[in-house]
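What follows is the residue order along each chain.
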Amino acid sequence: MEKILVHGGKTLEGKVRISGSKNSALPILAATLLTKEPCVLQRVPDLSDIHYMLTILGRLGCEVERASGVVRVTAESITTTAPYDIVRKMRASVCILGPLLGREGEATVSLPGGCVIGDRPIDLHLRGFEALGAAVSVKSGNVRVLAQDLHGAEIFLRGKFGSTVLGTDNVMMAAVLAKGTTIIDSAAEEPEVVDLANFLNKMGAKIEGAGTRRIIIEGVKELHGAEHEIIPDRIEAGTFLVAGAIAGKSVTLTRINPRHLEAVVHPLQEAGFLFESGDDFLRILPGNSRKPLHLEAMPYPGFPTDMQAQMCALLATTDGISVVTDHVFPHRFMHASELKRMGANIEMNEGTAVVQGVPKLEGAPVMASDLRASAALVLAGLSAEGITEVNRVYHIDRGYERIDEKLNDLGAEIERVKA
Ligand code: EPZ
């Protein structure tokens, strides 16, 4: 086990190169199951979640090769039951259901457990598979889907928290080889869904409308191998923007798509920060004053729930009263209690955090819980008085490629030590 020691008070300046998107690479790796031919993916980030997905693909019978950021997968002959011991470690494993169902007509995957950010149901995924003609059963912790022939259908994919990202991915991947046309209404509009649709189309699928709430998929006979470069990670990028806001003089993010970050830049501009941008870079600079915010996390193109914890770390030392609500995962506030250990003044009521800014946080030992809450604690430590010790760093390594090294290259002073 390792922990991260953040020595507060350093000023960040310089450039940081953003990695490929974890939340795009995971479903795209699953999509390689849809063809017997080799697929080559570029800019795959080096993360433990990616390692888990590659292990699952290997255990299903795929040939998996990785050389730095390039991954080659060949799913020539595969089994359709994912091993519990790996699947239980990562909810996103659920996105192998769709491609296995699409290609083999069956799949058995252990049900994703809940996690600290809240309940993680898959009822919308299963509703989609049933609409395509699959029989769904849940038995002793496993979900099993079975279909003789998958047929096109019109599917409404909206739950009480809006659409579902991996649910949209799963239904898309099950529908690409189905007979006939499938319409997904109330689809998730995230850029990672668009990236998956672009990859599937390179494999020979016929998908239109990805990125809108209505996706149309015309089933085809088979898919072939393809090459694809994963899009930049907009959440890693947003996390570094907040690092620049908390402790930066001038922080520039390179190799990104600024259009994917509009919902993060806008509140930071409202909070008083200045930006310069180009086709593939974004720079954040301090403004003359900082303002509190009313923030509502919601499905894309709204403010992302995966950036909510990081913004709380910034608002904790923003003078005035900020209000943060997460409409996607209403209980995703594990970071609040840890930030309060550092002196933050945060009151929770009914899924809303009321943050009264304090002049400075104090470094303290804190516990990482989920991936983004852990990143938020590192960010809070950047400007805290003294040393912040973030335990259970494995949470961060799930979704951030060498975040301590990248922050140190910007001027932070962060040590990674054995716990
Ligand atoms: C994806 O998870 C992301 N993970 C999450 O990022 C992200 O927070 C989430 O989308 C929302 O943007 C990956 O892409 C690997 P959802 P996903 O299905 O697809 C409810 C991170 O930090 N729901 O869009 O699992 C659900 O409970 C991770 O990188 C149902 O009710 O999320 C939630 O309230 C964390 N029934 C809401 O919908 C379902 O069948 C959105 O969930 C499915 C979901």
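Residues numbered from 1 in each chain as written. Predicted model: local features only at pLDDT ≥ 70, side-chain atom pairs only at ≥ 80, totals over all residues. Heavy atoms only, no water.

Draft legend 1. Region of interest: the overall build of the chain. If you tally the helices and strands in the chain, you get 14 helices and 23 strands. By the compact-globule yardstick of 22 Å for 419 residues, the chain fits well, its C-alpha radius of gyration being 21 Å. Evaluated residue by residue, the chain yields a buried proportion of 59% over its 419 residues. As displayed, the chain has an accessible area near 16500 Å², and 49% of this comes from carbon and sulfur atoms. Averaging the coordinates of the 44 positive side-chain charges in the chain and doing the same for the 52 negative ones gives two points 2 Å apart. (Helix = DSSP H or I, 4+ residues; strand = E, 2+ residues; numbered from the N terminus. Rg over C-alpha atoms; globule rule 2.2 N^0.38 Å. Buried < 20%, exposed > 50% of the residue type's maximum accessible area, 1.4 Å probe, protein only. Areas by Shrake-Rupley, 256 points an atom, 1.4 Å probe, with all protein chains shown as cover. Lys, Arg positive; Asp, Glu negative; His and termini not counted. Charge placed at Lys NZ, Arg CZ, Asp CG, Glu CD.)

Draft legend 2. Structural view of the state of the cysteines. Following the criterion strictly, the structure yields zero disulfides and no others. The thiol of Cys39 is unpaired, and the distance to the nearest cysteine sulfur, on Cys62, comes to 9.7 Å. Overall, the relative accessible area of 0% leaves Cys39 in the buried class. (Disulfide = S-S within 2.5 Å.)

Draft legend 3. Representation of unusual backbone geometry within the structure. Following Tyr300, the chain continues into Pro301 via a peptide bond in cis, with omega recorded as 10 degrees. Secondary-structure assignment places Pro301 in the loop between β17 (294–297) and α10 (308–315). Positive phi is not limited to glycine here, since Arg255 has a value of about 60 degrees. Turning to its location among the elements, Arg255 is positioned in the loop between β14 (248–254) and α9 (262–270). A residue is classified by how much of its surface remains accessible, and Arg255, at 29% relative accessible area, is partly exposed. Positive phi values are uncommon outside glycine, yet Arg392 reaches one of about 60 degrees. Checked against the element boundaries, Arg392 lands in the loop between β22 (387–391) and α13 (394–397).

Draft legend 4. Region of interest: the sheet that holds strand β2 (residues 12–17). Read from one edge to the other, the open sheet built from four strands follows the order β2-β14-β16-β15, with strand pairing classed as mixed. Two strands close off the open sheet at either side, each with one partner strand: β2 and β15 (274–277). Strand-to-strand twist in this sheet, taken as the mean axis angle between neighbours without regard to direction, amounts to 15 degrees. Judged from the four bridges that link them, β15 and strand β16 (residues 281–285) form a sheet pairing that is antiparallel. Bridged to Phe275 within β16 is Ile284. Where helix α8 (residues 234–247) meets the sheet, its contacts fall on β2, β14, β15 and β16, and the angle it forms with β14 comes to roughly 165 degrees. (Pairing = 2+ DSSP bridges. Axes fitted to C-alpha atoms, helices over the stretch in contact; angles between N-to-C directions. Contact = heavy atoms within 4.5 Å.)

Draft legend 5. Main features of the nonpolar core. Grouped together as the largest cluster of nonpolar side chains are 75 residues, with contacts concentrated most on Ile96 and Leu200. With sequence-adjacent residues up to four places away left out, Leu200 is seen in contact with Ala31, Leu34, Met172, Met173, Val176, Ala205, Ile207 and Leu223. (Core = buried A, V, L, I, M, F, W, Y, C linked by side-chain atoms within 4.5 Å.)

Draft legend 6. Here's a closer look at the packing of helix α1 (residues 22–31) against helix α7 (residues 191–202). The geometry of α1 relative to α7 is characterised by a closest axis approach of 9 Å and an angle of 30 degrees between their N-to-C directions. It follows from the interaxial angle that α1 and α7 lie roughly parallel. Where α1 crosses over α7, the two elements pack in a sense that is right-handed. Together, Asn23, Ser24, Pro27, Ile28 and Ala31 of α1 and Glu192, Asp195, Leu196, Phe199 and Leu200 of α7 make up the contact between the two elements. Classifying every residue of the contact of α1 with α7 by side-chain character gives six nonpolar, two polar and two charged. (Parallel < 35°, antiparallel > 145°, perpendicular 65-115°, else oblique. Left-handed = near helix turned anticlockwise from the far one by under 90°. Nonpolar A, V, L, I, M, F, W, Y, C, P; charged D, E, K, R; others polar.)

Draft legend 7. Quick peek at the side chain of Thr80. Inspection of the secondary structure puts Thr80 in the loop between β5 (70–74) and α3 (84–87). On the basis of relative accessibility, which here comes to 11%, the residue Thr80 falls in the buried class. In contact with Thr80, other than residues within four places in its own chain, are Leu60, Leu100, Glu104, Glu106, Ala107 and Thr108.

Draft legend 8. Broad picture of the sheet that holds β17. Across the sheet, four strands lie side by side as β17-β18-β20-β19; this open sheet has mixed pairing. One side of each edge strand has no neighbouring strand; the edge strands of this open sheet are β17 and β19 (345–349). With direction set aside, neighbouring strand axes in the sheet form an average angle of 15 degrees. Bridge count between strand β18 (residues 321–326) and strand β20 (residues 352–356): five bridges; the pairing is antiparallel. The residue of β20 that forms the bridge with Ser322 is Val355.

Draft legend 9. Looking closely at α9. Those residues of α9 that sit buried are Ala263, Val264, Val265, Pro267 and Leu268. Elements that come into contact with the buried residues of α9 comprise α8, β15, β16, β17 and α10. Just downstream of α9, Gly272 is the residue with a positive phi angle, here 110 degrees.

Draft legend 10. Just the site of the ligand, in detail. The full set close to the ligand counts 24 residues, and Arg91, Leu124, Thr164, Asp306 and Val328 are the nearest of them. Asn23 places a side-chain nitrogen or oxygen 3.0 Å from an oxygen atom of the ligand. Isolated, the ligand exposes 830 Å² of accessible area, and the fraction of that covered by the protein chains is 92%. When residues of the shell around the ligand are traced back to their parent elements, those giving at least two are α1, α5 (123–131), α6 (165–175) and α12 (371–382). The greatest single-element share of the shell around the ligand, amounting to three residues, is contributed by α5. Here the shell around the ligand is composed, by residue class, of 11 nonpolar, five polar and eight charged. Each of domain 1 (2–19 + 232–418) and domain 2 (22–226) contributes no fewer than three residues to the shell around the ligand. (Near = heavy atom within 4 Å. Polar contact = N/O pair within 3.5 Å; in protein donor to acceptor, adjacent residues only side chain to side chain. Domains from an automatic or database assignment.)

Taken by themselves, the reported measurements are silent on function.
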